[in-house]
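# Secondary and tertiary structure notes
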Amino acid sequence: MASELLLRAAPFILPFEGTCPRFAAEPRLCGADASVLGRVTLGARAMLGAGTVIRADGHFVRIGDDFHLGEVSTVHIAHEVYPAIIGDRVTVGRDAVIHACTVGDDCVIEDKVVVLDGSVVEDGVLIEAGSIVFPRSTLNSGFAYAGSPAKPVRELAPGELGERARLLREAAAASPFTAAAGEAGEAENLHPHAFVAQTARLAGAVELGAGSGVFFGCRLDAAGTAISIGANTNVQDNTRIDAAEGTVVIGPDTTIGHNVNIRAGRIGARALIGIGADLAAGTVVDDDVLLAAGSTTAPRQQLEGGWLWGGRPARPLSRLDDTRRAAMQDIVHQYRAYGAAYRAAQDRPTERGGSNGTSPIADRHPHR
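All of the points below concern the structure found in this document. Treat the numbers as computed from the prediction; the structure is a model and nothing was measured. (Residues numbered from 1 in each chain as written. Predicted model: local features only at pLDDT ≥ 70, side-chain atom pairs only at ≥ 80, totals over all residues. Heavy atoms only, no water.)

## With respect to the layout of surface pockets
- Quantified by volume, the largest pocket comes out at close to 1,200 Å³.
- Lining the largest pocket are 42 residues, with Leu116, Asp117, Pro135, Leu272 and Leu290 positioned closest to its centre.
- Elements supplying a minimum of two residues to the lining of the largest pocket: strand 33 (272–273), strand 36 (290–291), strand 38 (307–311), strand 39 (314–319) and helix 2 (322–346).
- With nine residues, helix 2 is the single largest residue contributor to the lining of the largest pocket.
- Its residues assigned to classes, the lining of the largest pocket shows 21 nonpolar, 15 polar and six charged. (1 Å grid on protein atoms, 1.4 Å probe; cavity = no way out; pocket = protein on both sides within 12 Å on 5 of 7 lines; lining within 4 Å. Points joined across faces, edges and corners; volume = space filled by probe spheres on them. Helix = DSSP H or I, 4+ residues; strand = E, 2+ residues; numbered from the N terminus. Nonpolar A, V, L, I, M, F, W, Y, C, P; charged D, E, K, R; others polar.)

So, in structure tokens, the structure goes:
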């Protein structure tokens with residue numbers, strides 16, 4: 001295929017606390033800035049789109065053979081709670097997140113799907129584009145699921161899974177598989193104790209506070225205005241912050257989840273913006289807000305502090321209790337530790353692999 005001429009031979013690789021990823025074989029295709037990190041076991045004939053992230057730090061990730069991960073999609077774990085386990089012949093579309101769950105064989109997970117913690121997706125399931133699988137859900141074999149929360153909408157027709165997988169893989173093959181413009185280090189005002197992942201791209205007047213972290217695959221573009229991120233705030237993998245319509249300000253001790261889209265606006269302190277959320281221009285998020293995964297906001301919407309918000313567009317669902325507040329702050333502490341560990345690994349070239357150093361893709365028989 002034509003796009004193969006633009007592909008790197010291996011992903012960017014880092015260990016986590018001394019443990020490197022293990023590969024059954026080099027990925028068959030690998031786009032620019034794909035990252036595989038920490039306690040990952042990846043099967044044979046993998047296809048990793050540009051900007052994809054597979055990250056195993058607070059738990060392990062185990063993925064079978066013939067895995068396809070579309071551009072800017074993310075696989076991650078829940079710290080010391082759930083691993084991510086994915087079977088054979090699984091196809092994932094673009095801008096999706098597979099988080100701390102179990103996915104069986106022969107599944108198709110389309111573009112912009114989020115599968116959340118503790119869920120079990122049985123063999124032979126289709127999850128249609130834009131769906132959100134709520135935590136601890138079970139998706140039964142032989143069905144198509146859609147919606148937020150994802151629910152069964154019909155039994156699968158013969159050959160439907162194979163056709164859906166083929167369409168996703170062909171779309172990926174037709175894409176350029178190239179990284180976004182910009183290079184890490186173009187940004188201004190980065191605190192010396194902030195972490196910026198090597199595959200993140202920051203451009204313009206970006207300010208990072210002490211202990212903050214911008215993780216793998218993120219794209220932050222100040223676009224002639226400014227992006228300010230407070231102390232101890234973490235911006236998780238494949239999040240995009242675009243200040244083209246105005247300044248973006250994010251307060252301290254806040255978490256921005258994986259694959260979030262943020263435009264001009266303000267996010268307060270001690271907030272958590274859930275995986276796959278989409279914040280419209282002018283959104284104001286007060287201090288102490290939890291915005292559920294997959295939620296959206298309307299332009300210039302204000303989210304009042306002290307509440308769990310969720311929906312499309314978001315609405316207040318319940319008051320935050322002490323348990324939720326404590327869990328939100330635990331994530332902040334976990335990510336500060338993750339950032340310190342990855343920063344140390346990036347600073348030790350002998351521990352880097354893939355396109356940036358000696359490849360650890362040498363273990364052809366990972367434990368499965």
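## As for the environment of leucine 190
- Within the secondary structure, leucine 190 sits in the loop between helix 1 (160–174) and strand 21 (195–196).
- Sequence separation between leucine 190 and serine 228 is 38 residues, and the spatial gap between their C-alpha atoms is 10.0 Å.
- With residues up to four places along the chain from it excluded, the contact list for leucine 190 reads Val196, Leu202, Val206 and Leu208. (Contact = heavy atoms within 4.5 Å.)

## Focus: the nonpolar core
- Among the nonpolar cores identified, the biggest contains 79 residues, and Ile54, Phe67 and Phe216 are the most heavily contacted of them.
- Of all elements in the fold, only strand 1 (12–14), strand 4 (35–42), strand 6 (53–63), strand 9 (84–86), strand 23 (206–208), strand 26 (227–229), strand 29 (248–250) and helix 2 reach the threshold of two or more residues within this core.
- A per-element tally of this core places strand 6 first, with five residues.
- Core analysis: the second largest hydrophobic core is formed by seven residues, Val108, Leu126, Leu161 and Ala165 among them. (Core = buried A, V, L, I, M, F, W, Y, C linked by side-chain atoms within 4.5 Å. Buried < 20%, exposed > 50% of the residue type's maximum accessible area, 1.4 Å probe, protein only.)

## What about unusual backbone geometry?
- Going from serine 148 to proline 149, the amide bond is cis rather than trans, its omega being 5 degrees.
- One can find proline 149 in the loop between strand 19 (143–146) and strand 20 (151–155).
- Look at arginine 136: it is not a glycine, yet its phi comes out positive at around 60 degrees.
- With respect to the helices and strands, the residue arginine 136 is situated in the loop between strand 17 (132–133) and strand 18 (138–139).

## Observations concerning the environment of alanine 25
- Relative to the helices and strands, alanine 25 is located in the loop between strand 2 (22–23) and strand 3 (29–30).
- Residue classification places alanine 25 among the partly exposed residues on the basis of a relative accessible area of 25%.
- For the pair formed by alanine 25 and alanine 46, sequence separation is 21 residues and the distance between their alpha carbons is 8.4 Å.

## Some words on the environment of alanine 144
- Relative to the assigned elements, alanine 144 resides in strand 19.
- Judged by relative accessible area, alanine 144 falls into the buried class, the value being 0%.
- The sequence separation of alanine 144 and leucine 126 amounts to 18 residues, and the corresponding C-alpha distance is 4.6 Å.
- Sequence-distant contacts of alanine 144, defined by excluding residues within four places in its chain, comprise Leu126, Glu128, Lys151, Pro152, Val153, Arg154 and Leu156.

## A closer look at the sheet that holds strand 37 (residues 302–303)
- Spatial strand order, 23-26-29-32-35-37: six strands in an open sheet with parallel pairing. The sheet is open, and its two edges are formed by strand 23 and strand 37, each paired on a single side.
- The pairing of strand 23 with strand 26 spans three bridges and is parallel. Considered in strand 26, the bridge of glutamate 207 is made with serine 228. (Pairing = 2+ DSSP bridges.)

## A word on the packing of aromatic side chains
- Per the stated rule, a full pass over the model turns up ten aromatic pairs.
- For the ring pair phenylalanine 16 and tyrosine 338, a centre distance of 5.7 Å and an interplane angle of 85 degrees mean the geometry is edge-to-face. Here phenylalanine 16 is found in the loop between strand 1 and strand 2, whereas its partner tyrosine 338 is found in helix 2, with 322 residues between them in sequence. Both residues of the pair, phenylalanine 16 and tyrosine 338, count as buried. (Phe/Tyr/Trp six-rings, centres within 6.5 Å; stacked < 30°, edge-to-face > 60°.)

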